[in-house]
Amino acid sequence: MTDHSETPMFARARNEAREDTELRLDIPKWVMGVIDAEGIVRGSASSRKEVVNEILSVWAERKVHDATVVLRLANVNPAPVDSKAGSHG
């Protein structure tokens, strides 16, 4: 039997017709506490979803930037991919 404890759990496959996709995961309670506190600090209109989306958006933009710098410095053209380039925002 295969141990899937390290395998990410996805609620559903990506659907290119949708702008968003669902992510389900378990996180440490203290991390959720910080996310909830951030929502409170921002005001009652800020939900967990908004806080997490902002955090992940900043992280993803940084990863794209890092990859771009590496490719430029290595003077490498990335192989074409099936997904829409630059669709992150």
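Residues numbered from 1 in each chain as written. Predicted model: local features only at pLDDT ≥ 70, side-chain atom pairs only at ≥ 80, totals over all residues. Heavy atoms only, no water.

For the rest of this paragraph, the subject is the overall build of the protein chain. Helices and strands together make up the secondary structure of the protein chain, namely two helices and zero strands. Per-residue burial over the protein chain gives 3% buried out of 89 residues. (Helix = DSSP H or I, 4+ residues; strand = E, 2+ residues; numbered from the N terminus. Buried < 20%, exposed > 50% of the residue type's maximum accessible area, 1.4 Å probe, protein only.)

On to the packing of helix 1 (residues 29-42) against helix 2 (residues 48-74). Their axes nearest at 9 Å, the elements helix 1 and helix 2 cross at an angle of 105°. When the axis of helix 1 is compared with that of helix 2, the two are roughly perpendicular. Two secondary-structure elements touch here, helix 1 through Met32, Ile35, Asp36, Glu38, Gly39 and Arg42 and helix 2 through Arg48, Glu50, Val51, Val52 and Glu54. (Axes fitted to C-alpha atoms, helices over the stretch in contact; angles between N-to-C directions. Parallel < 35°, antiparallel > 145°, perpendicular 65-115°, else oblique. Contact = heavy atoms within 4.5 Å.)

On to unusual backbone geometry. Keep in mind that most residues, glycine aside, have a negative phi and that most peptide bonds are trans. Not every positive phi belongs to a glycine, and asparagine 75 is a case in point at roughly 55°. With respect to the helices and strands, the residue asparagine 75 is situated in the segment after helix 2.

Within the fold, aspartate 36 resides in helix 1. Along the sequence, aspartate 36 and serine 47 sit 11 residues apart, while their C-alpha atoms lie 7.9 Å from each other.

This part takes up helix 1. An ideal rise of 1.5 Å per residue puts 20 Å on 14 residues; helix 1 measures up with 20 Å between its terminal C-alpha atoms. In the segment just after helix 1, glycine 43 is the residue with positive phi, at about 120°. (Expected span 1.5 Å × (residues − 1).)

So, on to a nonpolar patch on the surface. Together, Leu23, Leu25, Ile27, Ile55, Leu56 and Trp59 make up an exposed nonpolar region whose accessible area comes to about 600 Å². Note that leucine 23 resides in the segment before helix 1. (Patch = residues over 30% accessible without salt bridge, like charges linked within 9 Å, V, L, I, M, F, W, Y side chains within 5 Å. Areas by Shrake-Rupley, 256 points an atom, 1.4 Å probe, with all protein chains shown as cover. Salt bridge = Lys/Arg side-chain N within 4 Å of Asp/Glu carboxyl O.)

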